Structures are given as structure tokens and as C-alpha cells.
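Structural overview
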Amino acid sequence: MTTTMSPIDQYSDLFTRLAEQRTSDPKWLSGFRQAGLATFQKLGFPTQDLEEWRFTSVRPVAETAFSPAEPRHSVQASDIEPFLHAELTGPRLVFVNGRFDDGLSNVTDLPSGMTLGNLRTVISSDERFVSERLGKLTNNESAHFTALNNALFEDGLVLFVPSGTKVDQPIQVLFVTASEADPILTNPRNIFVFGAGSEAHIVETHVSLSENVYLTNAVTEVWMGERARADHYRIQRESESAFHFSTLRLYEESNSHFRSHNVDFGGAIVRNDSWGKLDGDNCEATINGLYVLRGRQHIDNHMWMEHVKENIPSHELYKGVLDDHSSAVFAGRIYVHPEAQKTDAKQTNQTLLLSDDARLNSMPQLEIYADDVKCTHGATVGQIDPVALFYLMSRAIDKETARNVLIHAFAADITERIRIDAVRKNIERTLRDRLLT
Amino acid sequence: MPTTAETIEQLSTGRDYKYGWSTDIEAETAPPGLDEGIVRFISGKKNEPEWMTEWRLKAYRHWLTMQEPVWPKVDYPPIDYQKVSYYSAPKKAGEGPRSLDEVDPKLLETYEKLGIPLSEQKILAGVVAVDAVFDSVSVATTFKGKLNELGIIFCSISEAIREHPELVKKYLGSVVPYTDNYFATLNSAVFSDGSFVYVPKGVRCPMELSTYFRINAENTGQFERTLIVADEGSYVSYLEGCTAPMRDENQLHAAVVELVALKGAEIKYSTVQNWYPGDENGKGGIYNFVTKRGICEEDAKISWTQVETGSAITWKYPSCILKGDNSIGEFYSVAVTNGAQQADTGTKMVHIGKNTTSTIISKGISAGRGQNSYRGLVQVNKRAKNSRNYTQCDSMLIGNKCGAHTFPYIDVRNNSAQVEHEATTTKIGEDQIFYCNQRGLSEEDAVSLIVNGFCKEVLAELPMEFAVEAQKLLGISLEGSVG
């Protein structure tokens, strides 16, 4: 690869090289990838002229020459142990550099009819399941990174919970990047399908074994059948030099409820796109986020919640703690269709600026075409309340501790909503460690 | 309960535009189209000095390089800028009338229909001075003598260019440069007339200054340019009212208003906008693309209050640049869209100085098939320590064919700033209507009452004379035939 190659050509080149390894792909999949590449070639990398990317520059991503992640088997159980929730004894799936690692994973005792595995395996064992769903919720015409994922995805998690099945133990998924010095690129692709009345919890963690530069570009599609319940936790602890792009596409049928919690600690440039289509009466969606940044980290949370049918509550709460020169963007849109009467939507973005050099852009937006709705949104930004700080210090708590207590309290709005103890404690611990360094 | 539904039905169907007629006056109109010749023609018509002509030409040349913005949430067929006539003046221009007696009686009649009889206002104890703009040329200016005594200059911008070039040179384009945006640049090239106010140091303007804009001749664009300069420690309150007669062809209106509040000065700018909104199918109506911006020096304050009930399309963001320390910006707005009206309006508060404060209260009301968007920016720069902003955007929807949207942009770059944004969306509750009915109020009165209550915080900011008119306008805009 020459250095004069334009960023887009680099990916076409990458695609051609990978295609040689993918000769066993079914025809529809090759077509799907080809279409993804064509779209990406057309769109290129987003520029800041686009409203959706106004405050996030992906120039460093575009200017980095990434090579495809080679499978690596040298990662040991001891390497990933610190990132696992030991208390969770349920199924565990580990992906190293984008590929499923059988040795580190543990998938046994699944309820009958349930599918839990990696995408590559499921494509060969149940091709129809994948072909009927892959890319059906994504709109790649305007989504640069989804198109790239379509073209290049290596592997990912496939989950199917049959109707009426309740999975008691949370499912743990770990995406580990163990990169060499050369920047690598991984494109995890996940499909979650919840049958009517089913229930499951997923804990998805992204970590790195090094502080290298690399790109993670994940896309997840979620179908919620009637009355299904799912909790999804996405904990992002990538290298602070890495780029992390993540897209969630959610489709809900009536009376279902999807709860998503995104916690972001890592990444140099992070972009999370969450799209929900609430297409059944009385369904419900919760999308929460917590981001704690330092240095020159940048995060951009984009959220789009589309209320299609009647009587749907949706809740979005995003809280951020920004230190040093870090910056954050929040853009939320609640879109209420004319038929979506009795919508009850609440969207909040609160940010704590610890440093004078931190920057926040917040755009909580409402687009409403129905009249009998209750929609509110709010955004606040400020520093640690000096009165509260003074109160604690007057009780003989030193300033540092008092400050940390208040940051914890601020974040608790999100952490307390995490219903798996092990996950909550893990996040609280990470937050504490972060504040003490 | 059929009652609420019926009211909504009525609201969304036809209504008459109360001010829809046109006065038959011979106008001297430039041929449609825009080129350097037209820009020179306009400038020549107004006997402008060379520097002004050059400034217009610079703006025109820059305009050619610009693209019409597409980001507003409004829909309209493409405008052919070569089909618009950029200048229209009542024929009698040449020698401006010196007193009301010299004014064409037909004009006076028009204003009387609008409810601002000049002759009467003159007698009205000097409360309001009116610099009336009929189409593009200022035809009568009252109370000038009284203002003169205090050193206040209140005249048309054309006159100011001739009489006070040093002030105009210094401040024109200082807040909205000719390169600012597509419509402001167009205005800079072809602005026909407008008002100019200068309040000297420490003077408190004893009366509300007022202007009535009115678009009259068919197919003419209206491009006013207003410049208000409040020198150190002065105060002025300026009222602007707009109504326009009924037209079938869409009319383009691209105005620019610049406010300069020097150290310790205060400017209060109130607008009631009631241009022709088009019929219920969206045919006709004014395209209102306005750039309004003020700059606050140290300890200065600018307060925008607007009641927007007219226009087919409104694109307007009265803004404050809080440049000086301790300066204050305020924005109070009521925007109503009914029929097929579309409004994309809001404000920008740019905090640059320390301890700057801004308040935004916006009330959007959507009925019929109206689309009402609030779009606002609150930007706190790094140097703006201890700045505060409070924003509240409330929307009300009447009927299920309209839309209410909120697009706030918050950009904070220092941690001592405190920015709060809140927004809610509601409808008129059946129980509220029922409660009013129970007490003997008709549906229409109930709606009017509830809407006026919803807007109370904003209406309270208007000067008395305007508040009464605004309340009536809200009623007219929403109640269609009820009036």
C-alpha cells in the first residue's frame, strides 16, 4: 500500500484482498458486501459540512492506513480476566481482533431452540436466519460507517431467543483488540433477535490489551418481538488512542421494552449512533449513556428515536463528565409520527465540565407531528456545584474526596439504573480508578 | 365530545386576512431582475455617495458566490431571483413630504385601515413617533423635532447615509457584515430603505420609536435595513409592526436589522409581524427571511421580543452577541403557524464577555397544517467566565396535522458557565376547554384565552400598545373566521 493512495482507495484495496479469503461466502453475502463497498465509495468519510458530523472530525481516521486484523491466538485467558465479570456465570463469548475465539469462550447449557454463537458459524449452520436479517434495519445510504461495516465485517455475535424463553444468566460478550504497532481495523457485526415474550440480558464490553491506534467499527441490529424484554449493556474501554464507531439499530414490536446502557471510558474519537423504530403500540425504549473523558478524548453520541405507533414511552438520559481538553457532542432527536398519539418521551443531556478547556455541544431535538403527546427535553451543563462542595468540605472532607463524591453522585443517575450488580460495581470501580489517577 | 374537534376543524379551515387589500398608487418600479446595473440604479435613486454604492456592489458580487441555505426546516419552491423587482417607490418621491399634509391621502388611508392613523397619533401626546415605511421609501416622519432636542436621530436610513455618513460608515455592517449570509448579503446589495436611530450618550429616549412596514406593490421584494445605535448609557425602545395586503404571488422579504448597544446602553426591540400568510393551501404569502442581530458592549443589554403570526415562511433568528463583560441578552418569542404556514425561528446567544447572561423564552403554537420550529444556539466561549443561560421552549399543538419541532444547539467551552435548556410540548386539553365552556365561554374564546395564557410570559414583555394588538392578532391568527 502506497502512502499516496486516497483513503477510499485504501478500503477498496483492502476489500479486494479480503475477497480472496471469502470465496466460500454465499452469493447474497458477496452481493451485500459489494453494495456496502459501493455505498462507502460513494459517501467516503463524512466531513464536518454534514449536519450530522458538524462537531466531529474523522480526519484522523481517514488519514490512518489500517490493515485488516489478522486472527491472533496468542491471547491467554489471563490477559482478558481483568475485563470479565467473574460473577457472571452464564454464557461467555470472546472475540479477539474481531474474530470469535472458541478457546476463551464458554457457551453451554442453552435453553432449547436458542441460538447463541458467532456470525461466521451461524451463516453456515443457519444461513437463512442471517440472510433474512442482516442489513434489514440499517440504512446505509447515509451511514458512512455502516456501509464500511457491510463491506468488511469479519464476525460478530448472533443471538436468537425463542418465544417465551427467559434467559436467566446475563450473556457476556467481550471484544478484545490485541493489536501490533500497525493500526488495525475490526468491524464487529451483531444480530439480536428476541422472540415474543422472551427475555435476556447482554453485557457487551470492548477492551484493548494495548494503548495502540486501531479502529473498531461495530454495527448491531436488534429485533424485539411482542412483549419481549431485553437489557443491553455496552461498556467501552478501548485504548485512549483508538477510534471507536458503534451503531445500534433497534426495531420494536408492541409491548416490548429494550433498555440500553452505554458507558464510554476509552477511545480518542468515539461515535455512537443509536436508532430506534418504535413500531408497536405500548412498546417502550430506554437508551441511557454515561461518558467519562480526559486528555483529548472526543465522543459524539447521536440518538434518533422514532415513535411510529400509539402510547409509547421512551426515555433517554445521557450524562457526561469531561476533564482536560476533552469534548463531547450529544445530538438526540425524538421523532413523533402523526399516528403516534399518547407518546411520552423524555430526553435529557447533562454534562459536568471539570476543566476550563473541555467543550460540550448539545442538541436535544424534538420533531413532533402528533398533538396528543407529552414530549420534554432538557440539557444542562455546568461545573461541580460550589455550594455542595463547600458543604462537604465543611464536614471535614478534603476537597479531592468531596469532588469525587459529587462526581460519583452525578454518575449515579446512570449507574444506579444498571440492574446487574456485577456490572454496576465494575463501572463504579472503573470510574473511581479514573478519578484517582 | 364533538366540541373540541369542531373548534379544531374551524381553526384549520379558511379565514380571511383582515388586512388584505391593495392601494392603487402609481409606483416607480425597477424592472425585474438583478445585476450590477440594478444595484447602481437603486443607489442612484437614493442619491447615495460613492462609498455606499461600492459597498452595495461588493455585497452583490459576494452574493453571486453564495448558495441559498437549505438547512431550515421549511419547504418552498425555488425562488427565481431574476423575477423579483428590487425597487419600488411611490411616485411622489423625489422631494420627500415635509409634513403630513403633503403625504398622498391614499397612503394615509391605508395606514388608517391598519389602525395607525398618523394624524391621530401626532395628537396622541407624543407617545409614539412613527417613521412609516410604505414599500420602500419612508414617507413621513413625525416627532422629529422633539427627538432632535435631545440629540436623538430618528430618520430613514437613506437620509442617514446622506446626513450622517460618519455614523453610518462606522456602524453599517458592523454587526451583520455584508458577507454574513445569503439573504443578508442580498439585502446589503439592494436594500431600499429602513430606519436609522442614534441615541446619544446618557440619553433616555422619552418615547417608543415605531415603524410600520408594509409591502404593497405586486411582485416587489422588500429589503429594509435598520440600524440602531445606542451610545453609552442610553436607552431606547423600538417597535416594529408589519402587515401586508393580500397577494397571490409570493413576495420576498429579506430585511436586516443591526443593533449596537455601547457601554451601559439598553435597546429593547419589539416586533409584531403579521405579513400575509397565504391561503390555507399555502398559495401566496410572504417569504420572510430576516437577519436580526445586536451587539452588546460592556454592561449593555439587548432585549428582543417578537410576535410572529404572519408570513407563509418565516426564517428569522434575532441574535445577541454579548461581547462586553456583564452584558445581557434576552429573547422572548411567540410564533404562530396556521394553515400551511411554516416558521423556523429562534435566536443565537453568543457569550464572549465575562459574567454575561442570556434568557430565551420561546412559545410556538401550531395549528392547521402549520410547521413550527424553534432553532436556537447558545454558545459560551472560553473567555466568557461565569456566564449564564436559561432557555425555555414550549410548543403547543392544535390539531393533528401540524408539527412542532425544537432544535437547540448548545456549545459550551468553559466550565464556569451554566447553561440550562428545557422544552415541553403540549396540546390544549379537552378538560381545559370544558372548564371554560362550563363558565359560559365559547370554544373560540376558550382557545384564545388558553393560548394567551400560554404566551403570557412573552406578551408581558411587549410595550402596552403592542401587547393589546398582539393579543388580538393571536386571536385572529388562530380563530380564523372568528376574528
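Look up: the structure comes first, before these words.
What you are looking at is a predicted structure, and each value in this text was computed from that prediction instead of being measured.

**What about the overall build of chain B?**
Looking only at helices and strands, chain B features 13 helices and 24 strands. Looking at the 483 residues of chain B, the share that counts as buried comes to 63%. By sequence separation, contacts in chain B at least 24 residues apart represent 85% of the contacts at least 6 residues apart. Taken as a whole, chain B presents about 17600 Å² of accessible surface, with 50% of it coming from carbon and sulfur.

**As for unusual backbone geometry**
Residue and element names in this part refer to chain B. One non-glycine residue, Asn47, adopts positive backbone phi at about 50 degrees. One non-glycine residue with positive phi stands out, namely Asn326, at about 60 degrees. With relative accessibility at 32%, the residue Asn326 sits in the partly exposed group.

**Some points on the pattern of salt bridges**
Here the structure, examined in full by the defined rule, presents 39 salt bridges over all chains. The salt bridge involving B:Arg225 is made with B:Glu258; its shortest N-O contact spans 2.9 Å. Taken together, the residues span a long stretch of sequence, with B:Arg225 in strand S8 (residues 225-230) and B:Glu258 in strand S11 (residues 256-261) at a distance of 33 residues. Judged by its relative accessible area of 0%, B:Arg225 falls in the buried class. Take B:Glu258: its relative accessible area is 0%, and that puts it in the buried class. Here B:Glu461 and B:Lys268 are joined by a salt bridge, their closest N and O atoms 3.8 Å apart. Of the two residues, B:Glu461 sits in the loop between helix H12 (456-459) and helix H13 (464-479) while B:Lys268 sits in strand S12 (residues 266-274), which places them 193 residues apart along the sequence. The exposure class assigned to B:Lys268 is buried, which follows from its relative accessible area of 14%. Members of the salt-bridge network, linked through shared partners, are A:Asp231, A:Arg259 and A:Arg419.

**Some thoughts on the nonpolar core**
Grouped together as the largest cluster of nonpolar side chains are 92 residues, with contacts concentrated most on A:Leu159, A:Phe194, B:Leu209 and B:Val236. Apart from residues lying up to four places away in sequence, B:Val236 is in contact with B:Val197, B:Val199, B:Cys205, B:Leu209, B:Ile228, B:Ala230, B:Glu266, B:Ile267 and B:Lys268. Core analysis: the second largest hydrophobic core is formed by 51 residues, B:Val175, B:Ala189, B:Val229 and B:Ala312 among them.

**Regarding the layout of surface pockets**
Summary: where empty space remains is shown by rolling a probe the size of a single water molecule over the atoms. Reported here for the second largest pocket is a volume of approximately 650 Å³. Around the second largest pocket sit 25 residues that line it, and A:Arg54, B:Trp71, B:Tyr317, B:Lys348 and B:Leu377 are the ones nearest its centre. Listing elements by their share of the lining of the second largest pocket, those giving two or more residues are strand S13 (286-296), strand S16 (319-322), strand S19 (348-351), strand S21 (371-380) and strand S23 (403-412) of chain B. Classifying every residue of the lining of the second largest pocket gives ten nonpolar, six polar and nine charged.

**A look at the packing of aromatic side chains**
Residues and elements named next belong to chain B. Within the structure shown, the criterion is met by 34 aromatic pairs over all chains. Judged by centre distance (5.6 Å) and plane angle (70 degrees), the ring pair of Tyr81 and Tyr182 falls under edge-to-face. One end of the pair, Tyr81, is in the loop between helix H3 (50-64) and strand S2 (88-90); the other, Tyr182, is in helix H9 (residues 182-190), and 101 residues separate them in sequence. Judged by relative accessible area, which is 7%, Tyr81 ranks as buried. A relative accessible area of 10% places Tyr182 in the buried class. Pairwise contacts between aromatic rings join Tyr60, Trp63, Trp71, Tyr76, Tyr81, Tyr182, Phe183, Tyr287, Phe289, Trp315 and Tyr317 into one cluster.

**Focus: helix H11 (residues 443-454) of chain B**
Residues and elements named next belong to chain B. Between its first and last C-alpha, H11 extends 16 Å over twelve residues, near the 16 Å set by a 1.5 Å rise per residue. Taken across its twelve residues, H11 has nine buried, putting it largely inside the fold. Along H11, the positions that sit buried rather than exposed are Glu443, Glu444, Ala446, Val447, Ser448, Ile450, Val451, Asn452 and Phe454.

**Let's talk about the pairing of S12(B)**
Residue and element names in this part refer to chain B. By the criterion of burial, S12 is predominantly enclosed, with eight of the nine residues buried. For S12 and strand S14 (residues 301-308), the ladder comprises eight bridges, and the chain directions are parallel. Across the sheet, the residue bridging to Ile267 is Ile302, located in S14.

**Some details on helix H2 (residues 36-45) of chain B**
Residue and element names in this part refer to chain B. Looking at H2, one finds that the buried residues are Ile38, Val39, Ile42 and Ser43. Relative to the axis of H2, the buried residues are bounded by an arc of 135 degrees and lie together on one face. For H2, the N-terminal capping position is held by Asp35, with its side-chain oxygen 2.9 Å away from the main-chain nitrogen of Gly37. Note on H2: the residue one or two positions beyond its end, Asn47, has a positive phi of about 50 degrees.

**Thoughts on the packing of helix H10 (residues 430-438) of chain B against H11(B)**
Residue and element names in this part refer to chain B. One can describe the packing of H10 onto H11 by two numbers: an axis separation of 9 Å at closest approach and a directional angle of 120 degrees. It follows that H10 is oblique to H11 by the angle criterion. In this structure, H10 meets H11 at a crossing whose hand is right-handed. Contacts between H10 and H11 involve Gln432, Ile433, Cys436 and Asn437 on the former and, on the latter, Glu443, Ala446, Val447, Leu449 and Ile450. Tallied by class, the residues present in the contact of H10 with H11 amount to six nonpolar, two polar and one charged.

**Regarding the environment of A:Ser208**
Residues and elements named next belong to chain A. Counting through the fold element by element, Ser208 comes out in strand S9 (residues 199-208). Ser208 sits 30 residues away from Ala178 along the chain, and the two C-alpha atoms are 6.1 Å apart. Those residues within four positions of Ser208 in sequence are excluded, and the remaining contacts are Phe83, Thr177, Tyr214, Arg237, Glu238 and Ser239.

**Observations regarding the interface of chain B and chain A**
Counting residues at the interface gives 33 residues for chain B and 37 residues for chain A. Summed over both partners, the interface of chain B with chain A comes to about 2800 Å²; 45% of that surface belongs to carbon and sulfur atoms. Looking at the side of chain B facing chain A, the largest losses of area belong to B:Tyr409, B:Ile410 and B:Asn415, adding up to 22% of the total buried there. Inspection of the chain B/chain A interface yields five salt bridges. The partner of A:Asp356 in a salt bridge is B:Lys385, and the shortest N-O contact between them spans 2.4 Å. Linking chain B to chain A there are 22 residue pairs in polar contact (both at pLDDT 80 or more). Mapped by element, the contributors of at least two residues to the side of chain B that touches chain A are S23 and strand S24 (418-427) of chain B. Across the side of chain B that touches chain A, the residue classes tally to eleven nonpolar, 14 polar and eight charged. Relative to S23(B), strand S20 (residues 359-368) of chain A runs antiparallel, the two sharing six bridges. Looking at S23(B), one finds that A:Leu360 is bridged to B:Val412.

Rules behind the numbers
- Residues numbered from 1 in each chain as written.
- Chains lettered and ligands numbered in written order.
- Predicted model: local features only at pLDDT ≥ 70, side-chain atom pairs only at ≥ 80, totals over all residues.
- Heavy atoms only, no water.
- Helix = DSSP H or I, 4+ residues; strand = E, 2+ residues; numbered from the N terminus.
- Buried < 20%, exposed > 50% of the residue type's maximum accessible area, 1.4 Å probe, protein only.
- Contact = heavy atoms within 4.5 Å.
- Areas by Shrake-Rupley, 256 points an atom, 1.4 Å probe, with all protein chains shown as cover.
- Salt bridge = Lys/Arg side-chain N within 4 Å of Asp/Glu carboxyl O.
- Core = buried A, V, L, I, M, F, W, Y, C linked by side-chain atoms within 4.5 Å.
- 1 Å grid on protein atoms, 1.4 Å probe; cavity = no way out; pocket = protein on both sides within 12 Å on 5 of 7 lines; lining within 4 Å.
- Points joined across faces, edges and corners; volume = space filled by probe spheres on them.
- Nonpolar A, V, L, I, M, F, W, Y, C, P; charged D, E, K, R; others polar.
- Phe/Tyr/Trp six-rings, centres within 6.5 Å; stacked < 30°, edge-to-face > 60°.
- Expected span 1.5 Å × (residues − 1).
- Pairing = 2+ DSSP bridges.
- Arc of directions from axis to C-beta.
- Polar contact = N/O pair within 3.5 Å; in protein donor to acceptor, adjacent residues only side chain to side chain.
- Axes fitted to C-alpha atoms, helices over the stretch in contact; angles between N-to-C directions.
- Parallel < 35°, antiparallel > 145°, perpendicular 65-115°, else oblique.
- Left-handed = near helix turned anticlockwise from the far one by under 90°.
- Buried area = accessible area lost by both parts, 1.4 Å probe.

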